[in-house]
Amino acid sequence: MSGSQSLTPLLSVEGLVREFRVGAGVLRAVDDVTFHVDPGETLGLVGESGCGKTTVGRLVLRLLPATAGRIVFDGRDVTDVPERQLREFRRAVQVVFQDPYSSLNPRLTVRDIVGEPLRNFGATRRAAAARVGELLDTVGLPPGYMMRYPHAFSGGQRQRIGIARALALGPRLLVCDEAVSSLDVSVQAQVLNLLADLQRQLGLALLFISHNLAVVRHVSHRVAVMYLGQLVEIAPEAALFDHPRHPYTRALLAAVPEAGPDAVPPAVLPGEIPSPLDPPAGCRFQTRCPRAEARCRAAEPPLTEEQPGRWVRCYFPEPEPSRRTA
Amino acid sequence: MTDLLEVRDLSVSFVTSRGPVPVLDGVSLSVREGEVVGLVGESGSGKSVTALSILGLLGEQGRVDAGQIRLDGRDLLPLPEREWLRVRGRQIAMVFQEPMTSLNPLFPVGFQVAEVLEEHLGLGRREALARAVELFRDVGIPDPERRVRDHPHQLSGGMRQRVMIAMAMACRPRLLIGDEPTTALDVTIQAQILALLRDLGRAAGTAVLLISHDLGVVAAMASRVVVMYAGQVVEEAPARELFREPRHPYTRLLLAVVPGVREKRARLSAIAGSIPAPSALPVGCRFHPRCPDAIPLCREAAPTLDPHGPERRVRCWRAAELADGVRL
């Protein structure tokens, strides 16, 4: 498992903020978010509607400008670098989108879709076609399919085409934004296995954004949980899922219904997710938190490193279980 | 005792420019009074078409080729539309996946619920609106007197789904069909809506047919589960038994490919291949091209849905033989 602290992070995001003007007000979709992704590791980013995880993905990809904060990739601050100086960044950081139906141009052949990044970076038509063949093979599709159009493929196959396109330039970081959420479960597993294999073979890092906790558990080395624009917990995968410390993380996990002979109805966390336009004062989770106290309403708790690699934004995080067999 | 709902040998096809395409093949399932039955399947399984058939909502291109849909013993299929209008929303109600497209964006939500009461129960406008406020309260919408005046876009996804449930339950239907009712919702909101469906169903004595691709949702809610694949029922069993000991290879694989939140597995099993298109169904068993347990017989002859014990049916030639080796 990678993610050791001695490595220089591949991606480092510091105090990232993104505001949107909405009517007369301001919406802080991303509010002071700090995290890193090490080479070859997968950081899962989870949360529900309005948490800001998709916006974080867009910011990291430089598809949206940040309102404040820094994005450092491979030691270089890319936050405000003009587009024409981002060529190497664009090669190194790629994306796989959620919707396999709208992310592929229906009027282009697979060869042209997957080859487009290569052509953008100066490859000849012939060289691009040869590389497309290799890429299709890498994602488990017959190279001979490259002359077909997207409509000839199933959702899972289209997602593979999207992955092939993302791999074309040999990226080091792949941002996966709900990359398997639109797929049937039987196909989802194929694509998840493919991503795991590619990570191993190519040393890819992944920023895996998803609302599906089980999928995130499966693919991630470390996980960050967001709520209403803020990070509330970051921890290694096993620690987060087995011993969540933030009340929201606990509630989130308890709400997931699991298939099994002893399944029970999932635990209910009452209350609505507040509007990001008008977040609660103090701790943003206090309106729904079973443990909220006066202190929580008065002031926002900071994101604190409770143990190395474990961050929690809570005045009363769940204590670590006592370790008897550490 | 007659079942509340009995779907018997239902076969449906869609009329297309290239000829009729079969989408349901001899589907049989039943729901007892007050029971919660889960209907599980992926795309192309036919689960939504089954639901629409039960409500007579197949549309111009849908054609019932064979079968019966009996509510309290009465076959609904031959009914003229004006009789269907008395069943839909009154005896059988439905909640869909996307509340934004089920609710009319131009009218206040209270009005839309009141409409159901006026139409089916003959209530006057004022009385219907008052009752709508009560229904909103029953489904957990805070500040219902104000919310009835909101338009759909002013409500969150979870709230809209509560409105849909209020609308569906307004006439205390005998059967509520939920077609992926929580799929579009956040997980904490999903838990609330599932709890609501369960509590309301119990309080009103309404049976629920819960359709979902999410096995966890079905496991949490249903006492019996029906699994569909490519237009057919492939397995049916009490929920606990199905999850403890799935007998159809597809069911077993489906359980193996879904990652769990409570426990991480090293590698997910995957099901090779993809779901067949209705216009290109395999000969023999429809699942055989993807089945790790297929034998030559599976390619040649389509298996029948056979009983395996008093409460279980499986559509697989090898189900009994494989059962001995099955463990989860």
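Thresholds, definitions, all that
Residues numbered from 1 in each chain as written. Chains lettered and ligands numbered in written order. Predicted model: local features only at pLDDT ≥ 70, side-chain atom pairs only at ≥ 80, totals over all residues. Helix = DSSP H or I, 4+ residues; strand = E, 2+ residues; numbered from the N terminus. Rg over C-alpha atoms; globule rule 2.2 N^0.38 Å. Buried ≥ 20, exposed ≤ 12 C-beta atoms within 10 Å, placed from the backbone. Contact = placed C-beta atoms within 7 Å. Domains from an automatic or database assignment. Nonpolar A, V, L, I, M, F, W, Y, C, P; charged D, E, K, R; others polar. Pairing = 2+ DSSP bridges. Axes fitted to C-alpha atoms, helices over the stretch in contact; angles between N-to-C directions. Core = buried A, V, L, I, M, F, W, Y, C linked by C-beta atoms within 7 Å. Parallel < 35°, antiparallel > 145°, perpendicular 65-115°, else oblique. Left-handed = near helix turned anticlockwise from the far one by under 90°.

**A closer look at the overall build of chain A**
Alright, step 1. Per the secondary structure count, chain A includes 10 helices and 12 strands.
Alright, step 2. Relative to a compact globule of 326 residues, whose C-alpha radius of gyration would be 20 Å, chain A shows 21 Å and is just as compact.
Alright, step 3. Referenced to the eigenvectors of the C-alpha coordinate spread, the extents of chain A come out at roughly 65 × 50 × 45 Å.
Alright, step 4. Counting the 326 residues in chain A, one finds 47% classified as buried.
Alright, step 5. For chain A, long-range pairs separated by at least 24 residues make up 64% of all intrachain contacts whose partners lie at least 6 apart in sequence.

**Focus: the overall build of chain B**
Alright, step 1. Helices and strands together make up the secondary structure of chain B, namely 13 helices and 12 strands.
Alright, step 2. A compact globule built from 328 residues should have a C-alpha radius of gyration of about 20 Å, and chain B, at 21 Å, falls within 12% of that.
Alright, step 3. Dimensions along the principal axes, computed over C-alpha positions, put chain B at roughly 65 × 50 × 40 Å.
Alright, step 4. Going through the 328 residues of chain B one by one, you find that 48% of them count as buried.
Alright, step 5. Once local pairs closer than 6 in sequence are excluded, the contacts in chain B between residues at least 24 apart make up 64%.

**Brief notes about the domain arrangement of chain B**
Residue and element names in this part refer to chain B.
Alright, step 1. Partitioning chain B into structural domains gives domain 1 (5-222) and domain 2 (229-323).
Alright, step 2. For domain 1 and domain 2, the distance between their C-alpha centroids amounts to 28 Å.
Alright, step 3. The interface of domain 1 with domain 2 comprises 19 residues on the first partner and 14 residues on the second.
Alright, step 4. Secondary-structure elements contributing two or more residues to the side of domain 1 that touches domain 2 are strand E2 (19-31) and helix H9 (215-221).
Alright, step 5. A breakdown of the residues in the side of domain 1 that touches domain 2 according to their chemical character gives nine nonpolar, eight polar and two charged.

**Things to note about the interface of chain B and chain A**
Alright, step 1. Across the boundary between the two partners, chain B contributes 38 residues, which contact 38 residues of chain A.
Alright, step 2. Residue contributions to the side of chain B that touches chain A peak at seven residues, all from helix H8 (residues 187-204) of chain B.
Alright, step 3. Its residues assigned to classes, the side of chain B that touches chain A comprises 20 nonpolar, 10 polar and eight charged.

**Some details on the sheet that holds strand E1 (residues 5-16) of chain B**
Residue and element names in this part refer to chain B.
Alright, step 1. Taken together, four strands build an open sheet; the order of strands is E2-E1-E4-E5 and the sheet is antiparallel. The strands lining the two open edges of the sheet, one partner per strand, are E2 and strand E5 (74-75).
Alright, step 2. Across eight bridges, the pairing between E1 and strand E4 (residues 62-71) is antiparallel. Bridge pairing links valine 7 to isoleucine 69 in E4.
Alright, step 3. Along the sheet, helix H1 (residues 47-54) makes contact with E1, E2 and E4, crossing E1 at roughly 110°.

**Overview of the sheet that holds strand E4 (residues 68-73) of chain A**
All names here are of chain A.
Alright, step 1. Across the sheet, which stays open at both edges, the four strands sit in the order E2-E1-E4-E5 with antiparallel pairing between neighbours. Each having just a single partner strand, strand E2 (25-37) and strand E5 (76-77) make up the two edges of the open sheet.
Alright, step 2. As defined by bridge partners, E4 adjoins E5 across two bridges and the pair is classed as antiparallel. Residue pairing for E5: phenylalanine 73 is matched across the bridge by arginine 76.

**Points about the nonpolar core**
Alright, step 1. Within the largest apolar cluster, 193 residues are counted, with the highest numbers of intra-cluster contacts made by Leu207 of chain A together with Val113, Ile165, Ala166 and Leu210 of chain B.
Alright, step 2. Shared between two domains, this core takes at least three residues from each, and those domains are domain 1 (5-222) and domain 2 (229-323) of chain B.
Alright, step 3. Once residues within four sequence positions are removed from consideration, isoleucine 165 of chain B is found in contact with Val95, Val139, Leu196, Leu197 and Leu200 of chain B.

**Brief notes about the packing of helix H5 (residues 155-167) of chain A against helix H6 (residues 185-202) of chain A**
All names here are of chain A.
Alright, step 1. Taken N-terminus to C-terminus, the directions of H5 and H6 make an angle of 20°; their axes are 9 Å apart at the nearest point. One way to sum up the angle between H5 and H6 is to call them roughly parallel. Considering the relative orientation of H5 and H6, their crossing is right-handed. In this structure, H5 uses Gly155, Gly156, Gln159, Arg160 and Ile163 to contact H6, whose residues at the interface are Val187, Gln190, Val191 and Leu194.
Alright, step 2. Grouping the amino acids of the contact of H5 with H6 by side-chain chemistry returns four nonpolar, four polar and one charged.

**Structural notes on unusual backbone geometry**
Residues and elements named next belong to chain A.
Alright, step 1. With phi around 60°, aspartate 32 is a residue other than glycine that occupies positive phi space.
Alright, step 2. Here aspartate 32 shows up in strand E2.
Alright, step 3. With 17 C-beta atoms counted inside 10 Å, the residue aspartate 32 sits in the partly exposed group.
Alright, step 4. For aspartate 74, which is not glycine, the phi torsion reads 55° and is therefore positive.
Alright, step 5. Counting through the fold element by element, aspartate 74 comes out in the loop between E4 and E5.
Alright, step 6. When the 17 C-beta atoms within 10 Å are taken as the criterion, aspartate 74 is described as partly exposed.

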